[in-house]
Amino acid sequence: MNETITDIRTRRSCRKYKSEQISEEQLNTVLEAATWTPTGKGMQTPQLVVVQDAPTLRQLSILNGSFMGWGPDKDPMYGAPTAVLVFTDTTVPTGRDDSALMMGTLMLAAHAVGLGSCWINRGKQMFDTEEGRALMKKWGVADKYEGLAICILGYPDEGGIHEPKPRRDDYIIRA
């Protein structure tokens, strides 16, 4: 079977990570692959921010979890040592679509280089807060952007990846 198809079929979300930081080579490969994500009119609208320092990861985890009603002891980012924040250009009609497709590219590229990944929602809510906007300003993300999601990356720990569910019988309708 084609390697790309195999990667699509075998990639799973990882919800438990080793504390070891991913290699710079793996990170750069994943990020470079993301820059090749198709975008509307080739405008390359998404913007990425990579976070690997523990204090900022903790801050992001607490902020994200607050939208679920979770306290600071629960980590919605599952201990991943790297987070790639995906921001959407709100001035472009295809901005959210472009950014969502980039999330898929990030996760497939991560799988292809042996990393675990997971799509973490609530990016819009996180970066619509005063705290989130302050982080965006600190990182140099322009006001025209809003958060979409977080792609967490790391080495899967035991029990972090589950077997796939069977595919639904009615997944595809041929008209």
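Structure's up top.
Everything numeric in this text was worked out from a predicted model, so none of it was measured. (Residues numbered from 1 in each chain as written. Predicted model: local features only at pLDDT ≥ 70, side-chain atom pairs only at ≥ 80, totals over all residues. Heavy atoms only, no water.)

Novice: Break down the environment of Tyr-78 for me, with residues and values.
Specialist: Mapped onto the elements of the fold, Tyr-78 is located in the loop between helix 3 (54-66) and strand 2 (82-89). Residue Tyr-78 is classed as partly exposed on the basis of its relative accessible area, which comes to 31%. Along the backbone, Tyr-78 and Ser-61 are 17 residues apart, and their C-alpha atoms lie at a distance of 8.9 Å. (Helix = DSSP H or I, 4+ residues; strand = E, 2+ residues; numbered from the N terminus. Buried < 20%, exposed > 50% of the residue type's maximum accessible area, 1.4 Å probe, protein only.)

Novice: Kindly report on the nonpolar core, identifying the contributing residues and their values.
Specialist: Among the nonpolar cores identified, the biggest contains 22 residues, and Leu-60, Met-77, Leu-85, Phe-87, Phe-127, Ile-150 and Ile-152 are the most heavily contacted of them. Apart from residues no more than four positions distant in its own chain, Ile-150 is found in contact with Asn-64, Met-77, Ala-83, Val-84, Leu-85, Met-103, Cys-118, Trp-119, Ile-120 and Met-126. Residues Ala-34, Met-102, Cys-151 and Leu-153 belong to the second largest nonpolar core, which totals 19 residues. (Core = buried A, V, L, I, M, F, W, Y, C linked by side-chain atoms within 4.5 Å. Contact = heavy atoms within 4.5 Å.)

Novice: Tell me about the packing of aromatic side chains, and please be specific about residues and values.
Specialist: Counting across every chain of the model gives 2 aromatic pairs. Where Phe-87 meets Phe-127, the ring centres are 4.9 Å apart and the plane angle is 65 degrees; that geometry is what we call edge-to-face. You can see Phe-87 sitting in strand 2 and its partner Phe-127 sitting in helix 5 (residues 123-127), a full 40 residues away along the chain. Exposure class is identical for Phe-87 and Phe-127. Each is buried. Each member of the aromatic cluster is reached from another via a ring pair, and the members are Phe-87, Phe-127 and Trp-139. Across the ring face of Trp-70, the terminal group of Lys-74 is positioned such that the distance to the ring centre comes to 4.3 Å. Arg-168 extends its terminal NZ or CZ atom over the ring of Tyr-171, reaching a point 4.5 Å from the ring centre. (Phe/Tyr/Trp six-rings, centres within 6.5 Å; stacked < 30°, edge-to-face > 60°. Lys NZ or Arg CZ within 6 Å of the ring centre and 35° of its normal.)

Novice: Please provide a residue-by-residue account of the pairing of strand 3 (residues 116-120), values included.
Specialist: With 4 of 5 residues buried, strand 3 lies mostly within the body of the structure. The sheet contact formed by strand 3 and strand 4 (residues 145-154) spans 5 bridges and is antiparallel. Bridge assignment links Ser-117 to a residue of strand 4, and that residue is Leu-153. (Pairing = 2+ DSSP bridges.)

Novice: Got a sec to walk through the state of the cysteines? Specific residues and values, please.
Specialist: Going through the model one piece at a time under the given rule, you end up with 0 disulfides. A disulfide-free cysteine, Cys-151 has its sulfur positioned 8.3 Å from the sulfur of Cys-118, the nearest such atom. Under the relative-accessibility criterion, Cys-151 is labelled buried at 0%. (Disulfide = S-S within 2.5 Å.)

Novice: I'd like a rundown of helix 4 (residues 95-112), residues and numbers included.
Specialist: For an α-helix, 3.6 residues make a turn, and residues three or four places apart therefore share a direction. With 18 residues, helix 4 extends 26 Å between its outermost C-alpha atoms, agreeing within 8% with the 26 Å of an ideal straight helix rising 1.5 Å per residue. Buried residues in helix 4 make contact with helix 2 (24-34), strand 1 (47-51), strand 2, strand 3 and strand 4. Positive phi shows up at Gly-114, right after helix 4, with a value of about 90 degrees. (Expected span 1.5 Å × (residues − 1).)

Novice: Describe the layout of surface pockets, naming the residues involved and giving the relevant values.
Specialist: What the largest pocket holds in volume is close to 320 Å³. Together, Ile-8, Arg-11, Arg-12, Ser-13, Arg-15, Leu-108, His-162, Glu-163, Pro-164, Lys-165 and Arg-167 line the largest pocket. Classifying every residue of the lining of the largest pocket by side-chain character gives 3 nonpolar, 2 polar and 6 charged. (1 Å grid on protein atoms, 1.4 Å probe; cavity = no way out; pocket = protein on both sides within 12 Å on 5 of 7 lines; lining within 4 Å. Points joined across faces, edges and corners; volume = space filled by probe spheres on them. Nonpolar A, V, L, I, M, F, W, Y, C, P; charged D, E, K, R; others polar.)

Novice: Outline the packing of helix 2 against helix 4, supporting the account with residue identities and numerical values.
Specialist: Across the interface, helix 2 lies against helix 4 with an axial gap of 9 Å and an inter-helix angle of 145 degrees. Helix 2 and helix 4 meet at a crossing whose hand is right-handed. Between helix 2, through Val-30, Ala-33 and Ala-34, and helix 4, the contact on the second element is made entirely by Met-102, Thr-105, Leu-106, Ala-109 and Ala-110. Broken down by class, the residue content of the contact of helix 2 with helix 4 amounts to 7 nonpolar, 1 polar and no charged. (Axes fitted to C-alpha atoms, helices over the stretch in contact; angles between N-to-C directions. Left-handed = near helix turned anticlockwise from the far one by under 90°.)

As far as function goes, none of this settles anything; it's purely spatial.
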